[in-house]
Structures are given as C-alpha cells and as structure tokens.
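The lines below spell out each chain.
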Amino acid sequence: MSSTPMTADFVADEINAHLPAPYRALIREEHQRMHHEALAPAGLASRKILVVGGAGYVGSVLCRHLLEQGYAVRCFDDLLYNHGLTTVPLLSHPHYEFRHGDLTLADDFSAALDGVSDVIMLAGLVGDPVTKKYPELSERINDEGHETMLAILGEKPLNKVVFVSTCSNYGLIEGDHLADENFELKPLSLYAKSKVRVEKRFLDRDSGVSYIPTVLRFATAFGLSPRMRFDLTISEFTRALALGEELLVYDANTWRPYCHLRDFGELIRRVLEAPQGHVAFEVFNAGGEINNFTKQMIVDAILEQIPEGKVRYQEHGQDPRNYRVDFAKVRERLYFEPAFSVQDGIRELIAAMNQGLFHDISEPSSFYGNWAVPEA
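Just so it is clear, the model here is predicted, and its values are computed rather than measured.

Reading the values: the criteria
Residues numbered from 1 in each chain as written. Predicted model: local features only at pLDDT ≥ 70, side-chain atom pairs only at ≥ 80, totals over all residues. Heavy atoms only, no water. Buried < 20%, exposed > 50% of the residue type's maximum accessible area, 1.4 Å probe, protein only. Helix = DSSP H or I, 4+ residues; strand = E, 2+ residues; numbered from the N terminus. Pairing = 2+ DSSP bridges. Axes fitted to C-alpha atoms, helices over the stretch in contact; angles between N-to-C directions. Contact = heavy atoms within 4.5 Å. 1 Å grid on protein atoms, 1.4 Å probe; cavity = no way out; pocket = protein on both sides within 12 Å on 5 of 7 lines; lining within 4 Å. Points joined across faces, edges and corners; volume = space filled by probe spheres on them. Nonpolar A, V, L, I, M, F, W, Y, C, P; charged D, E, K, R; others polar. Phe/Tyr/Trp six-rings, centres within 6.5 Å; stacked < 30°, edge-to-face > 60°. Lys NZ or Arg CZ within 6 Å of the ring centre and 35° of its normal.

Student: So, the pairing of strand E10 (residues 255-260): which residues are in play, and what are the values?
Tutor: Most of E10 sits out of view: five of its six residues are buried. Relative to E10, strand E8 (residues 220-222) runs parallel, the two being bridged by three bridges. Looking at E10, one finds that Phe222 is bridged to His260.

Student: Which residues make up the sheet that holds strand E11 (residues 282-286), and what values do they have?
Tutor: With respect to topology, seven strands assemble into an open sheet ordered E3-E2-E1-E4-E5-E7-E11, the strand pairing being parallel. With one partner strand each, in any of the chains shown, strand E3 (96-100) and E11 form the two edges of the open sheet. With strand direction ignored, the average angle separating the axes of adjacent strands in the sheet is 20 degrees. Judged from the five bridges that link them, strand E7 (residues 212-218) and E11 form a sheet pairing that is parallel. Note on E11: the bridge partner recorded for Phe218 is Ala286. In this fold helix H7 (residues 190-202) packs onto strand E4 (118-121), strand E5 (160-166) and E7, with an angle of close to 155 degrees to the strand it touches most, E5.

Student: So what's going on with the layout of surface pockets? Which residues, and what values?
Tutor: Roughly 190 Å³ of volume is contained in the second largest pocket. Every residue lining the second largest pocket is listed: Ser60, Val61, Arg64, His65, Glu68, Thr86, Pro89, Leu90, Pro226 and Arg262. With five residues, the top contributor of residues to the lining of the second largest pocket is helix H3 (residues 59-68). Broken down by class, the residue content of the lining of the second largest pocket amounts to four nonpolar, three polar and three charged.

Student: Lay out the packing of aromatic side chains with the relevant residues and their values.
Tutor: Enumeration according to the criterion identifies ten aromatic pairs in this entry. Measuring from centroid to centroid gives 6.0 Å for Phe163 and Phe202, while their planes differ by 55 degrees, and the two rings are tilted. Of this pair, Phe163 sits in strand E5 while Phe202 sits in helix H7, and the two are 39 residues apart along the sequence. Site record: aromatic cluster; members linked through ring pairs are Phe230, Phe358, Phe367 and Tyr368. One residue, Arg227, lies across the ring of Tyr81, its end atom 4.4 Å from the ring centre.

Written out as structure tokens, the structure reads:
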C-alpha cells in the first residue's frame, strides 16, 4: 500500500455521486480552497484528521470510517476506561496513528496537533450520570480541559474543527414542539451545561481563529463499537431483554432522538468536505427525524424481535429530559439523512449477542459503559 493516503478528494467524488451536481461542484471548489489556503501554508501534502477521544465508543468507529474514506487519522485519547484494545485493529493501518495523552495537559494536546489539518473534538467525561458522580473530574475535563484545547487550537494553522456537542442541551420540551438549532437551550445536567458553555466559546466570531468551526449536536448514539456501551438507552434495553432480565422503564412516553455511530461518521465526513460557507460557525442537529423515538417505541421495537421480553413501567424517574429534534438543517444544507434506523441497531446488537461477542455483560464492567471511572 502507498505510504501516503489515497486522496480523499477522489474518494469523495465517488461517494458523493448521488448529490446534486451544483453541490458537488462546490465540494470540489472547497477541496481547491483547502489545499491552497490551509494545507500548503502549513506545509502539508494531504489532510490528517486528529480525533480527540478517538478510542471511545463513537471515536473508534469514526476513525475507521475516515480511514476508509482516504484520510490519514491520528487518534488522541487518555484511555480513561482502560479501553486501549479498541485501537488494536487499526494499529497496522499505514495511515492510522495513536497518541496517548491527556487533553487537560497543554503540552500533550499541542504535540498531538503537530502535522494535522483538521480536528474532531469528541473527548470528554461523557454522559449525565458520570458527570454527576464525578463533578470535580467533570469540571477538570469538560470545562477547564476544553478551555485549554480551545486556546491552543486558536494558535495553530488548521482547516476545520468540529466540536461534538449534544441534543441534551434542549433539556425538557413541553408539548409537540420540534427543537431546531435556534430553539432555546435548557441544559439540565453538568454534562449538557458544559457543552453549552463550550459551544458559545467555540463559536465566538470575535475570537480571531483562522480555522472553520462547526458544532454538531449529537443525538443519543447507538450501534456496535469496539468499545461497546451498554449504558445508552437502545443498547441498555436490548441487552436486558436479550439476557432475559425484567426491564424497568421510567417515563416511557418521553422523547429522544437517536443516531447510529456509522451515520455520525458519515456526517462528520460531510462536514470535513463541505463548502466552508455551508458549515463555518454553524450548529447542526446530528441525526434524522426517522429516529425520534419515545422509550415506549424503543421497547416495542425490541419486543418485535424478542417477543418473550419482560418489561415493567414506572413514572417519575430521575432523568426528566424530553425532546424531539428537527433535523431539517442538516438534511437541507449537507444532504444528510441517516442510513440506519433504530430497528437496524437493535437487530445488529441482538445478532452480536447471540454470537457471544461480548464477555460478562450480565454485570458489565466500566469497559462497557460510563458508569464509573476506574481509580478515580
């Protein structure tokens, strides 16, 4: 295999063949701009993407997807949950590099940026329960650490930087409203409040950064990953019912949006290749209306495949979030729609469990979820 990556430009021409011709032309123009204005001044022959948090549940799938699309990838991760084995399948790839480091340490993060063209900011202490359990660690990573990263990013010659935020920022929505990107943010948890603060700082047009910033507010993730998580709704419910446990569901009629990991990877690729005028200083809800589900709808979808499953319901759980999300902007601006449904995610997880791919998930360890930070 060549010692330099297959250019993502040519790969993109084939992958983007279904897009409207005028938009494909804009993508080609963006490639030219990127080479002349970003790569050449930085002394780079081709793009290399730094994925901060690239060994985690989303990141390990994203890294593989970007490699498949012709990009060189550097994964930067502190392996908080002792999940370094997720990188092993990619270590032999000639265009993949792993860097162990701590995003809260300026020297670590600055060194990880050397020789990269674009950055995906995935990392953090992720999720409402774990940030509530470890508030000091949450502040160090999600607030102080991200402030450190943003300060350093502003000093580097970069092309595009994508900050992964969350639809949890919408909090609790009454009635049948759909939350678009301009909807009022009502973060309820330490996790979401931190995301809202970083979004505001990241999109400050007066900050003088040279890179193109984009925020993606992720729906709740599902799908198979080398660092599988069973603390997220779809995988949590599916695991319990597949193991024959009685599933207790709180507030069954609350809504959330969901999105498959592979769809997240594809959306990030599209942001990387999009014309700068379509993504600069923009926020996108990441997902699709097809996967706006209530908990009851998820249970019903699982029971279609595991009809013997046992479910019990209870109201007034500890998590009051309730929001349906409008994904028109990402569909119309980037022509993105999910390729995978909630039902697809349930089906693939049941198949993987039936083949014995997961060890000791009757009482899953911290490798399988963000319940506790080892040795914190």
